[in-house]
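# Summary of the model geometry
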Amino acid sequence: MTNRFATYPSLEDKTVFISGGASGIGEQIVRAFAAQKARVGFVDLDAAASAALAEELGPNVISELCDLRDVESLKAAFGKLQERIGPATVLVNNAARDDRHSWQDLTAEYFDERVATNLRHMFFAIQAVAPGMIEAGGGSIINMGSNSWWEAGGGFPAYATSKAAVHGLTRTMARDLGDHRIRVNTVVPGWIMTDRQKTLWATEEALENHVKRQCLPDLIEPVYVARMVVFLASDDAAMCTANNYMVEAGSI
Ligand SMILES: NC(=O)c1ccc[n+]([C@@H]2O[C@H](COP(=O)([O-])OP(=O)(O)OC[C@H]3O[C@@H](n4cnc5c(N)ncnc54)[C@H](O)[C@@H]3O)[C@@H](O)[C@H]2O)c1
């Protein structure tokens, strides 16, 4: 399949902050905004992958290391991005980890850790960047959800619970920030063929079963999630807020 993707003039020179940008879907989001000639700052805890990506993409893409589970470290990293490339008018809350865990063994400590990994940092990133967006007269915030909980997927109750809550975060922040013309949306990926998924869970049998549940016959590459994100960040989506945008090939 050959694709000729859109260019959005409204994204040129925009400052964009992305969490979890070093690999997987986040890496494709970084690449997509860089291709739109935006100024991109991303945070991640993977030092080697972050440095390699920033170096490959050149001076318009910078990174800061941080573990988003630590809110003080998150605030410091976003503060440094802002010092280096100015306040963001686009924020993509992408980082998460879908580690498996059984409901029988789940402790309160691990439940809290999963929420910190998959949900809490999204709010604190919004809190960090929203004042700059308010001053700029508007912005676009994109929170990464997952259709796993909607499909009643099992084996990761604290991840699924966090991902379901992303929808609530999106809708309440869309209300709180809407007066400032800041839009907040959730992008909802289906099963996306990142390196991590391919290494850990994409067995031949799992893929075969999954494709049967999609309406479309092709596995979803991460770039297609990035295409939805750049659309939602652009002025083309100026009247889209408080909603969910699925990229799941009609998975039922
Ligand atoms: N891949 C899929 O099939 C799929 C499906 C549904 C939803 N999603 C969602 O898409 C988003 C991206 O997922 P992905 O598959 O690309 O994941 P991934 O594991 O491939 O990449 C996640 C990135 O986030 C970083 N990260 C993780 N925890 C971090 C932390 N505490 N601090 C800083 N950085 C951290 C990792 O280092 C990595 O670079 C997530 O929100 C995930 O829930 C993915």
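Above this text you will find the structure in question.
Everything in this summary refers to the structure shown in the same document. Just so we're clear, the structure is a prediction, and the values are computed from it rather than from any experiment.

Below, the discussion takes up the environment of Leu-53. Examined against the element boundaries, Leu-53 turns out to sit in helix α2 (residues 47-57). For the pair Leu-53 and Gly-21, spaced 32 residues apart in sequence, the C-alpha separation works out to 8.9 Å. Apart from residues no more than four positions distant in its own chain, Leu-53 is found in contact with Gly-21, Ala-22, Glu-27, Val-30, Arg-31 and Phe-42.

Around the ligand, the structure places 26 residues, and the nearest of them are Ile-25, Asp-44, Asn-94, Tyr-159 and Lys-163. Measuring from an oxygen atom of the ligand, one finds a side-chain N or O atom of Asp-44 at 2.6 Å. Here an oxygen atom of the ligand sits 2.6 Å away from a polar atom, N or O, in the side chain of Tyr-159. Against a free-state accessible area of 830 Å², the protein chains account for coverage of 93% of the ligand. Listing elements by their share of the shell around the ligand, those giving two or more residues are α1 (24-35), α5 (157-178) and α6 (195-200). Classifying every residue of the shell around the ligand by side-chain character gives twelve nonpolar, nine polar and five charged.

Core analysis: the biggest nonpolar cluster contains 33 residues, and Ile-18, Ile-29, Phe-33, Val-187 and Val-229 have the highest contact counts within it. Looking at this core, the elements that each hand over two or more residues are β1 (15-19), α1, β2 (39-44), β4 (90-93), β5 (139-144), α8 (223-233) and β7 (244-247). In terms of residue count, α8 provides more of this core than any other element does, six residues in total. Not counting the four nearest positions on each side in its chain, Ile-29 is found in contact with Ile-18, Val-92, Asn-94, Met-144, Ala-226 and Val-229. Grouped together as the second largest cluster of nonpolar side chains are 29 residues, Phe-78, Leu-91, Met-173 and Val-184 included.

Our focus in this paragraph is the pattern of salt bridges. Overall, the coordinates contain 14 salt bridges when judged by the stated rule. Note that Arg-69 and Asp-67 form a salt bridge whose closest N and O atoms lie 2.6 Å from each other. Residue Arg-69 is classed as partly exposed on the basis of its relative accessible area of 35%. We note a salt bridge from Lys-75 to Glu-72, for which the minimum N-O separation is 3.8 Å. Of this pair, Lys-75 and Glu-72 both sit in helix α3 (residues 71-85), three residues apart, roughly one helical turn. Looking at Lys-75, the relative accessible area reads 36%, which means it is partly exposed.

Take the packing of aromatic side chains next. Following the criterion strictly, the structure yields five aromatic pairs and no others. Measuring from ring centre to ring centre gives 6.1 Å for Phe-5 and Tyr-224, while their planes differ by 85°; the resulting arrangement is edge-to-face. One end of the pair, Phe-5, is in the segment before β1; the other, Tyr-224, is in helix α8, and 219 residues separate them in sequence. Judged by relative accessible area, which is 26%, Tyr-224 ranks as partly exposed. The cationic tip of Arg-100 hangs over the ring face of Trp-201; the distance from NZ or CZ to the ring centre is 3.7 Å.

Cut-off values and rules
Residues numbered from 1 in each chain as written. Predicted model: local features only at pLDDT ≥ 70, side-chain atom pairs only at ≥ 80, totals over all residues. Heavy atoms only, no water. Helix = DSSP H or I, 4+ residues; strand = E, 2+ residues; numbered from the N terminus. Contact = heavy atoms within 4.5 Å. Near = heavy atom within 4 Å. Polar contact = N/O pair within 3.5 Å; in protein donor to acceptor, adjacent residues only side chain to side chain. Areas by Shrake-Rupley, 256 points an atom, 1.4 Å probe, with all protein chains shown as cover. Nonpolar A, V, L, I, M, F, W, Y, C, P; charged D, E, K, R; others polar. Core = buried A, V, L, I, M, F, W, Y, C linked by side-chain atoms within 4.5 Å. Buried < 20%, exposed > 50% of the residue type's maximum accessible area, 1.4 Å probe, protein only. Salt bridge = Lys/Arg side-chain N within 4 Å of Asp/Glu carboxyl O. Phe/Tyr/Trp six-rings, centres within 6.5 Å; stacked < 30°, edge-to-face > 60°. Lys NZ or Arg CZ within 6 Å of the ring centre and 35° of its normal.

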